[in-house]
Structures are given as structure tokens and as C-alpha cells.
Amino acid sequence: MFDHIAFPTSYQTLDTPYPVQITVKRLDLIHPQISGNKFFKLKYNLLEAKQLGFKQILTFGGAYSNHIAATAYAAQLFGFQSIGIIRGEELHTQALNLTLQSANDFGMQLRFVSRAEYRLRHDTDYQLQLKQHYPDAYIIPEGGTNTFALKGTQEILSPEDQTNYDVICCAVGTGGTIAGIIESSSNRQQVLGFSALKGEFLRHDIQQWTDKLNWSLTDQYCGGGYAKTSPELLQFMLQFEQQYAIPLEQVYTAKMMMGLFDLIGKNHFPTHTRILVIHTGGLQGRVK
Ligand SMILES: *Cc1c(COP(=O)(O)O)cnc(C)c1O
């Protein structure tokens, strides 16, 4: 199973005019389509599901959820059937977007539900109904963040990463990835999260998973909200890709990188700061 897979990791240090070191940890190279961080989040969930004898994996997401695509792929790879509860019943009659198409290609059974039904996804009674309807399914929450995910995301940083860098940057959606990184970081490191969505609630979500204090979160670079883009963002993304030959996407990694460059330009970091940027992938959802 997953135990035997060594996730390939490669690092790329950027040639920039700034007096800091920027190194990108390329989790995107784990798979050309699937967000690298999602494998870490799924790893112990799938091991648990196998051990408990489940045949199916069921999870939730919106039409642009990288977690949905990743779950479909990983489930198929490890011999599970997969079911995706997707927000928006109107999608049923429309052509699938790139993310849902890839989930479909990996064999996921897509079940489109109304927004009202989707809102019940954390509700105990609703979960019970789902369990009765899908008795063979192991249920993973929206975005994939749970205790098993945290165990996995604590494996993103290697022991070298804990000593070779001063600052670690990561894009944030539900907070499961950064929480694992914070938990496994050294106390002399600072972990800096770039939120892909607006709001203070994420800070509390992250705090649920860690008691450590060596981190901060900004939503200043979320560009007005989740998956919202602007000509400036897309321009930055293209320019970055051309300059460094590292593909980004507009929902998470381009916003993080644009935010990081903005902070560096404003001398936010002391000279010689060694910054490790986690490239979480998500490239199947990149705008063309
Ligand atoms: C899901 C995702 C994130 C955010 O991960 P969380 O654990 O939900 O915070 C960041 N980057 C990419 C590319 C993702 O797909």
C-alpha cells in the first residue's frame, strides 16, 4: 500500500534579485494532476479504511474541489470504489468541468445534491442516513481534513526541512495541510499560511489541530475570495511560470506565491532568511 510508496520530492531554489533564499518543495511533482498535499491527507485514511474492511470511499466537495479529484484517483489506485457527493444538483445536466471530469475518469460515482442537502454534510442524522445507504463506504469529510489527515500532513516536512529553513510557506484551504506542517516544524521556524479564502474562522480551525504558536495566517492575498481571479493574478502566474519553469494554478499556489513576493518586496523578512515554499500542486484545475 501507501507505505511502500516513496513520494518523490524535489527542491528548486529560485534565482531572484532579493536578499532572501526562496526554495520550492515540489509536491506537485508527486502526480501531474493530483494535488501533492492531498496524498498526505488521504494516506492514513485509506490505510484505516482497508484495515476496517471498507470497499468504498465516500467524500464531499464542490465542483472545483481538488480533494474530490485526488480521492477518486487514490481510491482507484488502492482498489476502492469511490463516491463523490457534489454540491449543486444543476451540475447534473451540464458538461463536467476539468476537475469533475478527472474524478469521473478515475471511476468516481458522482452524486449531485442540492445546496440544501449539501449543507447537511456534517449533520449526524444525515451522516447516519449516508452510512445506511452506503454500508460499505468509509466517509472522509469535505476537504479531507480529519485526525488521519493530520497524521499524514505531519510527514510533509523532512528532518532536513526542519533544520535547513527559517520560514515555511503554505497555501491554506481547510487548514489540514498547514496544521500538520506546524505540528512537525521546529519551534525556531515560522510557518506562514496564505489563505485561499476570506475570513478569520480558519485561524480557529487550524488551532483545533495544534497547540503550537510559531505560525501566522494571512487572507490578504486571497484576491477577494475562494477561486476568484484577477488579470493581475493571472499575469503574475504566467510570468512566474515563464521565469522559473514551475507551473502554478490560480486557486492556491499562484495567490500564495504572489503574496510571498509582495511581502519580500516590502522587506518583510530579514536578509538571508531561508524560505521553504510548499508547492501543493492542484494543477488539474489550472485555467488554460
Ligand atoms: C487542497 C489544497 C490546498 C489546501 O489544503 P488544506 O489542507 O485544505 O488547507 C492547498 N493547495 C492545493 C493545490 C490544494 O489542492
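This structure is a prediction, so every number in the text was calculated from the model and none was measured.

**Section: the overall build of the protein**
Logical step 1: Within the protein one finds eleven helices and ten strands.
Logical step 2: A compact globule built from 288 residues would reach a C-alpha radius of gyration of about 19 Å, and the protein, at 19 Å, matches this within 12%.
Logical step 3: Its C-alpha atoms give the protein principal-axis dimensions of about 60 × 40 × 35 Å.
Logical step 4: Each of the 288 residues in the protein was classed as buried or not, and the buried ones make up 56%.

**Notes on the sheet that holds strand β9 (residues 215–218)**
Logical step 1: In spatial order, the strands read β1-β2-β10-β7-β8-β9; together these six strands make up an open sheet with mixed pairing. Looking at which strands have only one partner, the edges of the open sheet turn out to be β1 (11–13) and β9. Between one strand axis and the next, the sheet turns by 25 degrees as a mean value, whatever way the strands run.
Logical step 2: Pairing geometry for strand β2 (residues 21–26) and strand β10 (residues 274–279), over six bridges, is parallel. Directly across from Ile-22, in β10, lies its bridge partner Ile-275.

**Description of the UniProt feature "modified residue: N6-(pyridoxal phosphate)lysine" (unreviewed entry) in the protein**
Logical step 1: When the UniProt feature table is mapped onto this chain numbering, "modified residue: N6-(pyridoxal phosphate)lysine" (unreviewed entry) sits at Lys-38.
Logical step 2: If you trace the backbone, Lys-38 turns up in helix α1 (residues 36–51).

**Section: helix α5 (residues 124–133)**
Logical step 1: Within α5, burial applies to Tyr-126, Gln-127 and Leu-130. All buried residues of α5 fall inside an arc of 100 degrees around its axis, so they share one side. Residues of α5 that are exposed and point over 90 degrees away from its buried face: Thr-124, Asp-125 and Gln-132.
Logical step 2: Buried residues belonging to α5 abut β3 (56–61), β4 (81–87), β5 (108–113), α4 (115–118) and β6 (137–139).
Logical step 3: Regarding α5, its N-cap is Asp-123, as a side-chain oxygen of that residue lies 3.1 Å from the backbone nitrogen of Asp-125 further along.

Rules behind the numbers
- Within any chain, residue numbers begin from 1 and follow the written order of that chain's sequence.
- Totals for whole chains, interfaces and linings use all residues, but because this is a predicted model, local features are given only for residues with pLDDT of at least 70 and pairs of side-chain atoms are given and counted only at 80 or more.
- As a rule here, side-chain values cover all heavy atoms of the structure and leave hydrogens and water aside.
- For the purposes of this entry, the term helix denotes a DSSP run of H or I that reaches at least four residues, the term strand denotes a run of E that reaches at least two, and both are numbered from the N terminus.
- The globule rule used here is 2.2 Å times the number of residues to the 0.38 power, and the radius of gyration it is set against is calculated over C-alpha atoms.
- To sort residues, take the accessible area from a 1.4 Å probe on protein chains only and compare it with the maximum for the residue type: under 20% means buried, over 50% means exposed, and anything in between is partly exposed.
- A strand pair is defined by DSSP finding two or more bridges across the two strands.
- To obtain an axis, a line is fitted to C-alpha atoms, over the contacting stretch when the element is a helix, and the angle between two such axes runs from 0 to 180 degrees between their N-to-C directions.
- UniProt positions are given in the numbering used here, feature names are shortened, and annotations may be inferred rather than shown by experiment.
- Arc definition: directions from the helix axis to the C-beta atoms.
- Residue contacts are defined here by distance: any two heavy atoms, one from each residue, within 4.5 Å place the two residues in contact.
- Any pair of nitrogen or oxygen atoms within 3.5 Å is treated as a polar contact; in protein, a donor-acceptor pairing is required on top of that, and neighbouring residues in sequence qualify only through side-chain atoms on both sides.

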